[in-house]
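# Overview (structure and organization)
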Amino acid sequence: MGKRIISQNRGKGTPTYRAPSHKYKAKLRHIATDSEDTIYAEVIEIVHDPARSAPIGRVRLDSQEERLILIPEGVAVGQKIACGISAPIEGGNTLPLREIPEGVLICNIENKPGDGGQLTRSSGVYSVLVAHDAKKTVVQLPSGQMKWLSPRCRATIGVVAGAGRTDKPYVKAGKKYHKLKTRAAKYPRVRGVAMNAVDHPFGGGGWQHPGKPKTVSRNAPPGRKVGSIAARRTGKR
């Protein structure tokens, strides 16, 4: 009997394929405010979070409560930030989309009002507030896609910190191994055609080739379900 292929192991869920979420700092959400209130806080520390590629900030509210939040570029220890309807348009402040002028760069955007921030949260990315409509606000995401959101959704002014991360090469395989180990990803990943026939449907043979059609049925058994699964078409048209 052959080995289980990677997709089977990942579905079973072993420590190799499970995210080490016990090391993550916190679930980063916008500071909760009432509809007309503005809350002020001071950045007391900037820390690394194993859950993400961007640095995060520890802030102390006026009530002496401490929270972890996602911070944009330019925010420093000792800086005051504001969250609410009357916060100034400055980097690090969080406001509803209806209060932000068109053309401003924003990040950590709520997809629905009150969800705490779901969009544009990776290091060095930003969205652009394109236009305001009667009941919708148009935002251009980092991918270039235009998204219509509720004007009551909140967003942070600025670009997420940690830009330039992809400009630095890994240099060593070990660096990439440890990076992906925090992301529930297996590295290195061996190609199926480089395996033995007992280990993968594409393994074996006198040279490296699949040896059988790469398109498989949607109802194929788990150990055979590799390649182009239930493809409607293949190749370039």
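Here's a quick rundown of the structure. All of these numbers come straight from a predicted model, not from anything done at the bench.

Attention now goes to the overall build of the chain. Counting secondary structure elements, the chain contains two helices and 12 strands. Tracing the chain from N to C terminus, the helices and strands come up as α-β-β-β-β-β-β-β-β-β-β-α-β-β. Since a compact globule built from 237 residues should have a radius of gyration of about 18 Å, the 23 Å found for the chain marks it as more spread out than a globular shape. Counting only C-alpha atoms, the chain reaches 70 × 40 × 30 Å along its principal axes. A burial count over the chain gives 33% of its 237 residues as buried. Of the contacts formed within the chain by residues at least 6 apart in sequence, a portion of 53% connects residues at least 24 apart. For the chain, the accessible surface area stands at approximately 14400 Å², while carbon and sulfur atoms represent 51% of it.

Under the definition given, this model contains one cavity of 30 Å³ or more. There is about 140 Å³ of room inside the largest cavity. As for the largest cavity, its lining consists of 18 residues, of which I69, L70, I81, G92 and T94 are closest to the centre. Listing elements by their share of the lining of the largest cavity, those giving two or more residues are β1 (38–47), β3 (66–70) and β4 (80–84). Among the residues forming the lining of the largest cavity, the class breakdown is 12 nonpolar, five polar and one charged.

Attention now goes to the nonpolar core. Ranked by size, the top nonpolar core spans 16 residues in total, and within it L97, I100, I106, I109, V139 and L149 carry the most contacts. Once residues lying within four places of it in the same chain are set aside, the contact partners of L149 are L97, I109, E110, N111, L119, K135, K136, T137 and V139. Core analysis: the second largest hydrophobic core is formed by 10 residues, V43, I69, I81 and C83 among them.

Next up on the list: a nonpolar patch on the surface. A cluster of nonpolar side chains, contributed by V130, M146 and W148, occupies part of the molecular surface with about 290 Å² of accessible area. Mapping V130 onto the fold places it in strand β7 (residues 127–132).

Conventions adopted
- Residues numbered from 1 in each chain as written.
- Predicted model: local features only at pLDDT ≥ 70, side-chain atom pairs only at ≥ 80, totals over all residues.
- Heavy atoms only, no water.
- Helix = DSSP H or I, 4+ residues; strand = E, 2+ residues; numbered from the N terminus.
- Rg over C-alpha atoms; globule rule 2.2 N^0.38 Å.
- Buried < 20%, exposed > 50% of the residue type's maximum accessible area, 1.4 Å probe, protein only.
- Contact = heavy atoms within 4.5 Å.
- Areas by Shrake-Rupley, 256 points an atom, 1.4 Å probe, with all protein chains shown as cover.
- 1 Å grid on protein atoms, 1.4 Å probe; cavity = no way out; pocket = protein on both sides within 12 Å on 5 of 7 lines; lining within 4 Å.
- Points joined across faces, edges and corners; volume = space filled by probe spheres on them.
- Nonpolar A, V, L, I, M, F, W, Y, C, P; charged D, E, K, R; others polar.
- Core = buried A, V, L, I, M, F, W, Y, C linked by side-chain atoms within 4.5 Å.
- Patch = residues over 30% accessible without salt bridge, like charges linked within 9 Å, V, L, I, M, F, W, Y side chains within 5 Å.
- Salt bridge = Lys/Arg side-chain N within 4 Å of Asp/Glu carboxyl O.

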